[in-house]
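Structure at a glance
Take a look at the letters that make up each chain.
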Amino acid sequence: MMASYQRDNRGRLLQALLLLVVMLGFAACKDDSVDQKVKDDKKIQEYFVSHNIDTATVVKTNSGLYYQKLEEGTGSRIFPGDVVLVDYKGMLLNDTEFDSSYERGEPYQVTVGISSVIAGWHEGLQLMRVGEKARLFIPSHLGYGRNPQGVAIPANSPLVFEVHVVEMQD
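Residues numbered from 1 in each chain as written. Predicted model: local features only at pLDDT ≥ 70, side-chain atom pairs only at ≥ 80, totals over all residues. Heavy atoms only, no water.

Keep this limit in mind: UniProt positions are given in the numbering used here, feature names are shortened, and annotations may be inferred rather than shown by experiment.
As recorded by an unreviewed UniProt entry, the protein carries the name Peptidyl-prolyl cis-trans isomerase and is attributed to Pontibacter mangrovi. Per UniProt, the protein carries the Sequence similarities (unreviewed entry) text "Belongs to the FKBP-type PPIase family." Of the comments in the UniProt record for the protein, the one headed Catalytic activity (unreviewed entry) reads "[protein]-peptidylproline (omega=180) = [protein]-peptidylproline (omega=0)".

1. Some points on the packing of aromatic side chains
Note on aromatic pairs: each is described by the distance of the centres and the angle between the planes. The line we're drawing: Under the pairing criterion, centres of Phe, Tyr and Trp rings, with the six-membered ring standing for Trp, must be within 6.5 Å; the plane angle then separates stacked pairs below 30 degrees from edge-to-face pairs above 60, leaving the rest tilted. Secondary structure counts use DSSP, requiring at least four H or I residues in a row for a helix and at least two E residues in a row for a strand, with both numbered from the N terminus. To sort residues, take the accessible area from a 1.4 Å probe on protein chains only and compare it with the maximum for the residue type: under 20% means buried, over 50% means exposed, and anything in between is partly exposed.
Counted under the stated rule, the structure contains nine aromatic pairs. When the centroid spacing of 6.2 Å and the interplanar angle of 55° are considered together, the rings of tyrosine 88 and phenylalanine 161 count as tilted. With a gap of 73 residues between them, tyrosine 88 in strand E3 (residues 83-92) and phenylalanine 161 in strand E7 (residues 159-169) connect regions that are remote in the sequence. The exposure class of phenylalanine 161 is buried, given its relative accessible area of 4%. Each residue in the set Tyr88, Phe98, Tyr108, Trp121 and Phe161 is aromatic and connected to the rest through ring pairs, giving one cluster.

2. Some details on helix H2 (residues 32-50)
The following threshold applies: Expected helix span is taken as 1.5 Å per residue step, with the number of steps being one fewer than the number of residues. The arc in question is traced by the directions running from the helix axis to the C-beta atoms. Residue contacts are counted whenever heavy atoms from the two residues lie within 4.5 Å of one another.
The end-to-end C-alpha distance of H2 is 27 Å, a good match for the 27 Å that 19 residues give at a rise of 1.5 Å each. Every buried residue belonging to H2 is among Gln36, Asp40, Ile44, Tyr47 and Phe48, and all of these are buried. The arc that holds the buried residues of H2, viewed along the axis, is 120°, so those residues lie on one side. Set apart from the buried face of H2 by more than 90 degrees, the exposed residues are Val38, Lys42, Val49 and Ser50. Residues of H2 that are buried in the fold lie against strand E1 (58-60), strand E2 (66-71), strand E6 (133-138) and E7. Looking one or two residues past H2, asparagine 52 carries a phi angle of roughly 50°, positive in sign.

3. Structural notes on the pattern of salt bridges
For clarity, the cut-off: Salt bridges are defined by distance alone: a side-chain nitrogen of Lys or Arg within 4 Å of a carboxyl oxygen of Asp or Glu.
For the structure shown, the criterion picks out five salt bridges. Across the pair glutamate 162 and arginine 135 runs a salt bridge whose closest N-O atoms are separated by 3.3 Å. Of the two residues, glutamate 162 is situated in strand E7 and arginine 135 in strand E6; the sequence distance between them amounts to 27 residues. With a relative accessible area of 18%, arginine 135 lands in the buried category.

4. Description of unusual backbone geometry
Residue asparagine 52 is not a glycine yet carries a positive backbone phi of 50°. Within the fold, asparagine 52 resides in the loop between H2 and E1. Taking relative accessible area as the criterion, asparagine 52 reaches 71% and is therefore assigned exposed.

5. Topic: the side chain of threonine 61
The cut-off we apply is this: We call two N or O atoms a polar contact when they sit within 3.5 Å, provided that within protein one can donate a hydrogen and the other can accept it, with sequence-adjacent residues counted only if both atoms are side-chain atoms.
By the secondary structure assignment, threonine 61 is in the loop between E1 and E2. In this structure the side chain of threonine 61 is engaged in a polar contact, spanning 3.0 Å, whose partner is the side chain of serine 63.

6. Observations concerning the nonpolar core
Stated formally: In these notes, a set of buried Ala, Val, Leu, Ile, Met, Phe, Trp, Tyr and Cys residues joined through side-chain atoms within 4.5 Å is what counts as a nonpolar core.
With 24 residues, the main nonpolar core has Val86, Trp121, Leu125, Ile138 and Phe161 as its most contacted residues. Beyond its immediate stretch of four places on either side in the chain, isoleucine 138 contacts Ile44, Leu65, Ile118, Gly120, Trp121, Gly143, Ser157, Pro158, Leu159 and Phe161. Core analysis: the second largest hydrophobic core is formed by ten residues, Ile44, Tyr47, Phe48 and Val58 among them.

Structure representation (structure tokens):
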């Protein structure tokens, strides 16, 4: 009878130990993406202050993208599947320019929702009309995330794009 009691206690002790290990494992698996979103949002807000951007002129979407209309567009609204030509300038929050269609001398063609551009572009373009100029403030999870793009764009970088939708292709 004593051996049976000791086996039961060992079994309970092992179960409690296993439960403790599982709980510690879950505690160690915190969601870094939530922390990064908070950091990105804070950095973008600081950018607004340092660049005297009136936050009343900026709209934040549910995904965390910020959109600021610079010039009204008079053309068609943009939807997924539309092919648009855009001129743009991409910058880090420290104002370092890393890409520009203006410097190449020709607009960039994007099929909205399909082309291999960052998610922030697909979302931002759908807020625009042909002819419109806007500034997109893109948190890293809608940009390149943890994946650095050479030396130009470090991992977890919020981005700023000034975008002009030049025309829609048929």
